[in-house]
Amino acid sequence: MLASAVSAVQQQHCPIAVTSSSGARLTTPTVAPALRLTSGFTHNSCSSLRGQALKLRVNQPSRQARAISETRTEAMASGHALISESAAWADLKKHVKTIEGTHLRELLKDQERCEELIKEYDGVVVDLSRQRVIHETMLKLLKLAEEAKLKEKIDTMFSGEHINSTENRAVLHAALRAPRNEVINCDGQNVVPSVWEVLDKINTFSDQIRSGSWLGATGKPLTDVVAIGIGGSFLGPLFVHTALQTEPTCALAAKGRRLRFLANVDPIDVARALANLQQETTLVVIVSKTFTTAETMLNARTVRTWITSALGPEAVSKHMVAVSTNLKLVKEFGIDPANAFGFWDWVGGRYSVCSAVGVLPLALQYGFGSVKKFLEGAWSIDDHFRSAPLGSNLPVLLGLMSVWNVSFLGCDARAILPYCQALAKLAPHIQQVSMESNGKGVSIDGVPLSFEAGEIDFGEPGTNGQHSFYQLIHQGRVIPCDFIGIIKSQQSVYLKGEQVSNHDELMCNFFAQADALAYGKTREELAAEKIPEELIPHKMFSGNRQSLSILLPNLTPYTVGQLLALYEHRVAVQGWIWGINSFDQWGVELGKSLAGKVRTQMNAARTKSKPLSGFNYSTTTLLTRYLQGKTQLLYPDPHDVFPTNILPGHEK
């Protein structure tokens, strides 16, 4: 937003000379005092700068802004108009004034309205009554969905058409949990049989490992699993694993077994993943569709070295398996291609937990039966999403609420607040599902958006979050909240003499927080409590802060699957309404490609003492400082170096 303001003063700079460790004298421009950030830079000065930037943008339209405008005009002429140009969008924009004249403390008195906004399907209750909507709002949002051809887009996804147009791929993660007798076609072929072929293979293999009929290189059963993958190959499986760990049936099935995940290329993550594990009882699952993902393959080579250092190179085929489609590289790595579990290009990484990516490690830990129930729960919502009318379709209604909050009410963030510790990894997973999917600035036709899309997702389980960031949610900026509650806890604790059980205490907060956000607390209420006048402004709560509640009967593999699919499809609905491609992720590519340049020069600097070149001043300075603090990798006989607690005997 400040780009234009910065551009206007960029020529006013004071050169600063810096001498590097090599003695070279470098000069860099620094922004003039007009924009210098000091300890006195406050919210007000930020607002002032923002105002300057807006004035510059209004009075001196940039070439980029003109180009964007021209692109939009051309798009409209070619039939690729943005949804914001529709009559339904304009109608909702006008309707905002009506909503601004309402308050949730009044809206919640309307029982008929509340009944209309509480929906249920297959045990899942979704309560939208604390959203800033009325009956007319819902009708207008459904009209917007009709304008965006939402129903047609849902049908098109399930029909296997290549709706991910920038990568020319179908989007069929729902097929991963389809029943055997379901027919879902892609490129003229029913994909469900091939999905079940992989699932059956996982069922057989996981049973062999768990029963002890598959033994390691030294003849011992493999009781520990390390799953190596990153992004969707990590966040989704970790979410499900965390949710099932304390579920009684799953906990019993996992007795005597350990499942660890290794995602970050940071060697600390390696140390933690392998801590207290023994090579002879460890099975490693490498998850990489192409078997070329840089971070994953470096971690895979690291763990392979850990395995072979104790058991020899022949042990790889008994202790390492792959989830990949590149059988050539799998074999070259030392893994028997027969022990590779495939998936398809119509499975996006962040939607892959129901493929072998998640099913294999989860089945190894909990047994295939539990994972099958997880898939069945997800399919329950898939089928509902595909067939239910838009007005009673849970993912559709959730998606419309997000579009309303983001694009019309100006809320740029969403808090995901599960009142269940087992759902601690839900928010990090949905961060990727949502922000990687809908963090886009152009439409699916390449037209720059004229409205805000996507939202910033974060969250923590209650009541931990209440003692962290709820202050801002109650009295700071407005952040719509998703409250997720469980009727029957996985673990029951009740102490004699206590007023309620531990889980009841947790859920008292679940119910109270949503009402506190909605109702707030007025000056009159505080005065009636005889609060000192000088404290009243500090203790007032404006209320009228929207939230929604999701209530599950319990947290089992089945309901975890339901919750996952509910959020996946909600994200898709948002993207379809906004007219963006929710299934590509080009934004993650640039940084990865630039890292290659850094990697090349870092190697040259650390092994051959070559100077850095081609970077800007900032990167050069920080990279130089980094290299100054590292040991030069100059030794006549290169050898593998591991953290000492993993491979004792190697010094740091």
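Above this text sits the structure in question.
Residues numbered from 1 in each chain as written. Predicted model: local features only at pLDDT ≥ 70, side-chain atom pairs only at ≥ 80, totals over all residues. Heavy atoms only, no water.

Visitor: For this particular structure, what's the right way to read the pairing of strand β14 (residues 481–488)?
Guide: In summary, the side chains of a regular strand alternate between the two faces of the sheet. Along β14, six of the eight residues are buried, which leaves the element largely enclosed by surrounding structure. Looking at chain direction, strand β12 (residues 413–418) and β14 are connected through four bridges and run parallel. Each residue of the ladder has a partner; that of Leu417, found in β14, is Phe483. Pairing analysis gives seven bridges linking β14 to strand β15 (residues 547–554), with the strands arranged parallel. (Buried < 20%, exposed > 50% of the residue type's maximum accessible area, 1.4 Å probe, protein only. Helix = DSSP H or I, 4+ residues; strand = E, 2+ residues; numbered from the N terminus. Pairing = 2+ DSSP bridges.)

Visitor: How should I be thinking about the packing of helix α10 (residues 232–244) against helix α16 (residues 356–366) in this particular structure?
Guide: Packed helix pairs are characterised by how far apart their axes lie and by the angle those axes make with each other. Interhelical geometry of α10 versus α16 gives an angle of 30 degrees and a closest axis separation of 9 Å. Compared by their axis directions, α10 and α16 come out roughly parallel. Here α10 runs over α16; the crossing is right-handed. On the side of α10, the interface is formed by Gly232, Ser233, Pro237, Val240, His241 and Leu244, while α16 contributes Val357, Gly358, Leu362, Gln365 and Tyr366. Among the residues forming the contact of α10 with α16, the class breakdown is six nonpolar, five polar and no charged. (Axes fitted to C-alpha atoms, helices over the stretch in contact; angles between N-to-C directions. Parallel < 35°, antiparallel > 145°, perpendicular 65-115°, else oblique. Left-handed = near helix turned anticlockwise from the far one by under 90°. Contact = heavy atoms within 4.5 Å. Nonpolar A, V, L, I, M, F, W, Y, C, P; charged D, E, K, R; others polar.)

Visitor: Before we go on, may I ask you to explain the side chain of Lys140 in this structure?
Guide: Mapped onto the fold, Lys140 is located in helix α7 (residues 135–147). A polar side-chain atom of Lys140 sits 2.9 Å from a polar atom in the side chain of Asp91. Leave out the neighbours within four places in its chain, and Lys140 touches Asp91, Leu92 and His95. (Polar contact = N/O pair within 3.5 Å; in protein donor to acceptor, adjacent residues only side chain to side chain.)

Visitor: Can you walk me through the nonpolar core in this structure?
Guide: Inside soluble globular proteins, nonpolar side chains tend to come together where they are buried. Trp346 and Leu423 are the most contacted members of the largest nonpolar core, which has 134 residues in total. If you tally residues by element for this core, the top one is helix α24 (residues 557–578), at twelve residues. If near-sequence neighbours (up to four positions away) are discounted, Leu423 is found in contact with Phe239, Ala243, Pro418, Ile484, Ile486, Leu555 and Leu563. Grouped together as the second largest cluster of nonpolar side chains are 23 residues, Val303, Trp306, Ala322 and Phe333 included. (Core = buried A, V, L, I, M, F, W, Y, C linked by side-chain atoms within 4.5 Å.)

Visitor: Would you take a moment to explain unusual backbone geometry for this structure?
Guide: The general pattern is negative phi for most residues beyond glycine and trans for most peptide bonds. The residue after Gly462, namely Thr463, is reached through a cis peptide bond having omega 10 degrees. Take Thr463: it is sitting in the loop between β13 (456–458) and α20 (470–475). With a phi angle near 45 degrees, Asp122 is a residue other than glycine that sits in the positive phi range. Within the secondary structure, Asp122 sits in the loop between β3 (118–121) and β4 (124–127). The residue Phe291 is not glycine, and still its phi comes out positive at about 60 degrees. As for its placement among the helices and strands, Phe291 is situated in the loop between β9 (282–287) and α13 (294–311).

Visitor: Which parts of the structure should I look at to understand empty space enclosed by the protein?
Guide: Sizing a probe to match a water molecule and rolling it over the atoms shows the empty space that remains. Scanning the model with the defined rule gives two cavities of 30 Å³ or more in all. Lining the largest cavity are Gln131, Met401, Ser402, Asn405, Ala413, Arg414, Glu455, Pro480, Cys481, Asp482, Leu548 and Arg570. Considering every element that reaches the lining of the largest cavity, the biggest residue donor is helix α18 (residues 394–408), with three residues. By volume, the second largest cavity amounts to about 40 Å³. (1 Å grid on protein atoms, 1.4 Å probe; cavity = no way out; pocket = protein on both sides within 12 Å on 5 of 7 lines; lining within 4 Å. Points joined across faces, edges and corners; volume = space filled by probe spheres on them.)

Visitor: Explain the pattern of salt bridges to me, please; I cannot follow it from the model alone.
Guide: It is possible for side chains bearing opposite charge to pair when their charged atoms get close. Counted under the stated rule, the structure contains 23 salt bridges. In this structure, Arg177 engages Asp382 in a salt bridge whose closest nitrogen and oxygen atoms are separated by 2.6 Å. With Arg177 in the loop between α8 (150–158) and β5 (185–186) and Asp382 in helix α17 (residues 368–387), this residue pair connects regions lying 205 residues apart in the sequence. For the pair shown, Arg177 and Asp382 are each scored as buried. (Salt bridge = Lys/Arg side-chain N within 4 Å of Asp/Glu carboxyl O.)

Visitor: Just checking my understanding: could you explain the sheet that holds β15 for this structure?
Guide: For sheets, the rule is that strands pair by backbone hydrogen bonds, running either parallel or antiparallel. Pairing is mixed across the open sheet formed by six strands, whose spatial order is β3-β4-β15-β14-β12-β13. The outermost strands of the open sheet, each flanked by one partner alone, are β3 and β13. If you compare each strand with its neighbour and ignore which way they point, the axes differ by 15 degrees on average. Bridge count for β12 against β13 is three bridges, and the pairing is parallel.

Visitor: Would you mind going over the packing of aromatic side chains with me for this structure?
Guide: Within a pair of aromatic rings, the relevant descriptors are the distance that separates the centres and the angle that separates the planes. Taken as a whole and assessed by the stated rule, the structure comprises 18 aromatic pairs. Between the aromatic rings of Trp89 and Phe451, the centroid separation amounts to 4.7 Å while the plane-to-plane angle is 45 degrees, which identifies the pairing as tilted. Of this pair, Trp89 sits in helix α4 (residues 87–100) while Phe451 is found in the loop between α19 (426–438) and β13, placing the two residues 362 residues apart along the sequence. Residue Trp89 shares its accessibility class with Phe451, and that shared class is buried. Three or more aromatic residues joined by ring pairs form one cluster here, namely Phe158, Tyr351, Phe385, Trp576 and Phe583. The residue whose ring lies beneath Lys201 is Phe341, and the NZ or CZ to ring-centre distance is 4.9 Å. Its end group placed over the ring of Phe333, Arg304 keeps NZ or CZ at 4.1 Å from the ring centre. (Phe/Tyr/Trp six-rings, centres within 6.5 Å; stacked < 30°, edge-to-face > 60°. Lys NZ or Arg CZ within 6 Å of the ring centre and 35° of its normal.)

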